[in-house]
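Here's the letter readout for the chains.
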Amino acid sequence: MSAGGGKKAILAALSANAGIAVAKFVGALITGSGSMLAEAVHSVADTGNQALLLLGQQRAAQEADALHPFGYARNRYFYSFIVALVLFTLGSGYALYEGVHKVQHPEELSSPIVAIVILFIAIALESYSFRTAMRESAPLKGDASWWRFIRNSRSPELPVVLLEDTGALVGLVFAFAGVGLTMLTGNAVWDGVGTIAIGLLLGVIAIVLIVEMQSLLIGEGATPAEDRLIRENLVDGDRIDRVIHLKTQYLGPEELLVAAKIGAVPGLDVAQLAKAIDDAEARVRAAVPAARVMYLEPDLYRTEAATR
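These lines cover the structure that appears in this document, whether it is placed above or below. A quick note: this is a predicted structure, and the numbers were derived from the prediction, not measured. (Residues numbered from 1 in each chain as written. Predicted model: local features only at pLDDT ≥ 70, side-chain atom pairs only at ≥ 80, totals over all residues. Heavy atoms only, no water.)

**Quick look at the overall build of the protein**
Condition: Think of it this way: any DSSP run of H or I at least four residues long counts as a helix, any run of E at least two long counts as a strand, and we number them from the N terminus. Atoms counted for the radius of gyration: C-alpha only. Globule rule: 2.2 Å times the number of residues to the power 0.38. Accessibility here uses a 1.4 Å probe with only protein chains present; expressed as a share of the type maximum, an area under 20% marks a residue as buried, one over 50% as exposed, and anything in between as partly exposed. Two residues qualify as a contact provided that any one of their heavy atoms is within 4.5 Å of a heavy atom in the partner residue. Only the protein chains shown count as cover for residues, and all accessible areas are computed by the Shrake-Rupley method using a 1.4 Å probe. The sign given to each residue is positive for Lys and Arg and negative for Asp and Glu; His and the chain ends receive no count. Just so you know, the charge point we use is NZ for Lys, CZ for Arg, CG for Asp and CD for Glu.
Scanning the protein for helices and strands turns up nine helices and three strands. Along its sequence from the N terminus, the protein presents helices and strands in the succession α-α-α-α-α-α-α-α-β-β-α-β. In terms of overall size, the protein is more extended than a compact globule, its C-alpha atoms giving a radius of gyration of 25 Å where 308 residues would be expected to give roughly 19 Å. C-alpha atoms of the protein, sized along the principal axes, occupy 90 × 40 × 30 Å. Taken over 308 residues, the protein has a buried fraction of 47%. Within the protein, contacts between residues at least 6 apart in sequence are counted, and of these 75% link residues at least 24 apart. Here the protein displays about 14,100 Å² of accessible surface, and carbon together with sulfur accounts for 65% of that area. In the protein, 25 positive and 31 negative side-chain charges are present, and the distance between their average locations comes to 4 Å.

Below, the structure written as structure tokens:
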């Protein structure tokens, strides 16, 4: 994924969440709704999260230096991990606290119709953000399911925005249900129940993001499809006849490190061997454009060579 594609989805989410947050705070102030207040805090957290994702992209663009010879691209993973922590602590934690408080000490809502109108506006804005994220993700997702795309993507921003927007839309439904049931029954406990549901939802989404971003931050290898392409293109059957062993790791969303020991055909001179390695690198990069950093070690295939 290019940073530009992710940036469009991030900016759409940021603008939508900023407007929604203001509307929800006004609604919470007028109605006294706990679920509306929890959703307002959720939108503030989401707005801050989009700013963090943009900051991560900016920091990732720094040139490599002596201290970080492979560059700063993993900043995108780091800031996405921070986003997951913010969603868990500020979004989920606050909603659960507010929800429990509202259940224990229910307060009558004033002008609940205002909350309903604001929730409809918020759903429209979140739907715009969600559609943008889906449109930007579709070319990368291919035929895979959305869940598999989130699990397997090596680019963090679009999965983060997709899950955040999904949580926001479902959370708005919970808030709508809490306010609606409070209006129908006259029992403000339902508002607290809706707030607790929002908190639990955000907690689940945050945990999924924490697990995925932690894995990317530690360093994930090539996908199975990429691994197969790399192995196929390292071997030409003429000068290089096998891959003895291969290790890969994403240094950033768009930069894959490939380190391999390859079996060279006996009898090649230095010039022929160097040309064989150059050609192998070119084939791999053509098949897997992310494979920008490659270290190939030629060897004669022996049982002991395969174990080193």
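**Details of the packing of helix H2 (residues 34-60) against helix H6 (residues 157-185)**
Stated precisely, the cut-off is as follows: To get an axis, fit a line to the C-alpha atoms, keeping to the stretch in contact for a helix; angles then go from 0 to 180 degrees between the N-to-C directions. When an angle is under 35 degrees it counts as roughly parallel; over 145 it counts as roughly antiparallel; between 65 and 115 it counts as roughly perpendicular; any other value is oblique.
Between H2 and H6, whose axes approach to 10 Å, the crossing angle comes to 170°. Classed by the angle they form, the pair H2 and H6 counts as roughly antiparallel. Each of Ser35, Glu39, His42, Asp46, Asn49, Gln50, Leu53 and Gln57 in H2 lies in contact with H6, whose residues at this interface are Glu157, Val160, Val161, Glu164, Gly167, Ala168, Gly171, Leu172, Ala175 and Val179.

**Side note on the environment of leucine 201**
Among the secondary structure elements, leucine 201 is positioned in helix H7 (residues 189-218). Measuring from C-alpha to C-alpha, the distance between leucine 201 and glycine 171 comes to 7.2 Å, with 30 residues separating the pair along the chain. If near-sequence neighbours (up to four positions away) are discounted, leucine 201 is found in contact with Gly167, Val170, Gly171 and Phe174.

**What to know about the pairing of strand S2 (residues 255-264)**
Which entries qualify depends on this criterion: One requirement defines pairing of two strands: DSSP has to find at least two bridges between them.
Among the ten residues that make up S2, nine are buried, leaving the element largely enclosed by the rest of the structure. Looking at chain direction, strand S1 (residues 240-252) and S2 are connected through ten bridges and run antiparallel. Paired with isoleucine 240 across the bridge in S2 is alanine 264. The turn linking S1 back onto S2 is made up of two residues. Bridge count for S2 against strand S3 (residues 293-299) is seven bridges, and the pairing is parallel. Along S3, the bridge assignment pairs alanine 259 with tyrosine 295.

**What about H6?**
Formally: Every helix has an expected span of 1.5 Å times one less than the residues it contains.
Under the 1.5 Å per step criterion, the end-to-end length of H6 is 41 Å for 29 residues, consistent within 8% with the ideal 42 Å. Positioned one or two residues after H6, glycine 186 has a phi angle of 75°, which is positive.

**Quick word on the side chain of lysine 24**
Mapped onto the elements of the fold, lysine 24 is located in helix H1 (residues 3-31). The class for lysine 24 is buried, based on a relative accessible area of 1%. If near-sequence neighbours (up to four positions away) are discounted, lysine 24 is found in contact with Met36, Glu39, Ala40, Ser43, Ile118, Ala122 and Leu172.

**Topic: the packing of aromatic side chains**
The geometry of an aromatic ring pair is captured by two quantities: the separation of the ring centres and the angle between the planes. Threshold: Between the rings of Phe, Tyr and Trp (Trp by its six-membered ring), a pair exists once the centres lie within 6.5 Å; its type follows the angle of the planes, with under 30 degrees stacked, over 60 edge-to-face, and the other angles tilted.
Scanning the entire structure with this criterion turns up three aromatic pairs. Between phenylalanine 78 and tyrosine 79 the ring centres are 5.2 Å apart and the planes differ by 85°, which places this aromatic pair in the edge-to-face class. Ring geometry for tryptophan 146 against phenylalanine 149: centres 6.1 Å apart, planes inclined by 85°, an arrangement best described as edge-to-face. One end of the pair is tryptophan 146 and the other is phenylalanine 149, both in helix H5 (residues 146-152) and three residues apart, which spans about a single turn.

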